[in-house]
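Structural overview
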Amino acid sequence: MSYALITYCLMMLIKYKAAYLGSLLDIQRLLRECLYESFTSFVQKLHRKGKPTKGRQRHDWERVFEETMNRVLSGEMDDLIYIKDIL
């Protein structure tokens, strides 16, 4: 029998015993971190919520373009040096 299959089965047992809904990769990462800790401590860390993230940031590129054009037309960006001006 393959070591990979044994590892997979053991990880699935841990996932079942801990009633964890996340991925096996998360379990594997935490197992490496908590290798010498008790199972109770491992389960507590497994179910601990992390800091909330903002998720994927969406940009309004039309608004960015309009703001840039307004700055260029108002003269705010006249101090920019272009490559062709240097050469």
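As shown above, the structure is provided for reference.
Here we summarise the structure given alongside this text. (Residues numbered from 1 in each chain as written. Predicted model: local features only at pLDDT ≥ 70, side-chain atom pairs only at ≥ 80, totals over all residues. Heavy atoms only, no water.)

1. A closer look at the overall build of the chain
Threshold: In this description a helix means any DSSP run of H or I spanning at least four residues, a strand means any run of E spanning at least two, and both kinds are numbered starting from the N terminus. Three exposure classes are used, based on accessible area relative to the maximum for each residue type with a 1.4 Å probe and protein chains only: buried under 20%, partly exposed in between, and exposed over 50%. In this analysis, two residues are considered to be in contact whenever any of their non-hydrogen atoms come within 4.5 Å of each other. Per-residue accessibility takes into account occlusion by the displayed protein chains alone, with areas from the Shrake-Rupley method and a 1.4 Å probe.
Along its length, the chain carries five helices and zero strands. When the helices and strands of the chain are placed in sequence order, the string is α-α-α-α-α. Within the span of the chain, comprising 87 residues, buried residues form 13% of the whole. Across the chain, every contact between residues at least 6 apart in sequence was considered, and the portion connecting residues at least 24 apart equals 24%. In the form shown here, the chain has an accessible surface area of approximately 8,400 Å², with 59% of it arising from carbon and sulfur atoms.

2. Quick look at the pattern of salt bridges
For clarity, the cut-off: Any carboxyl oxygen of Asp or Glu that lies within 4 Å of a side-chain nitrogen of Lys or Arg is treated as forming a salt bridge with it.
All chains considered together, the criterion is met by two salt bridges. We note a salt bridge from lysine 45 to glutamate 37, for which the minimum N-O separation is 3.0 Å. Owing to a relative accessible area of 24%, lysine 45 belongs among the partly exposed residues under this scheme. The salt bridge involving arginine 63 is made with glutamate 67; its shortest N-O contact spans 2.7 Å. Here arginine 63 and its partner glutamate 67 are both found in helix 4 (residues 61–74), four residues apart, which amounts to about one turn of the helix.

3. Considerations on a nonpolar patch on the surface
This is how the line gets drawn: Patch membership needs two things, relative accessible area over 30% and no salt bridge, and members are linked within 9 Å if like-charged or within 5 Å if nonpolar (Val, Leu, Ile, Met, Phe, Trp, Tyr).
On the surface, Tyr3, Ile6, Leu10 and Leu13 cluster together to form a nonpolar patch covering roughly 460 Å² of accessible area. Here tyrosine 3 shows up in helix 1 (residues 3–18).

Distances and angles like these do not, on their own, reveal function.
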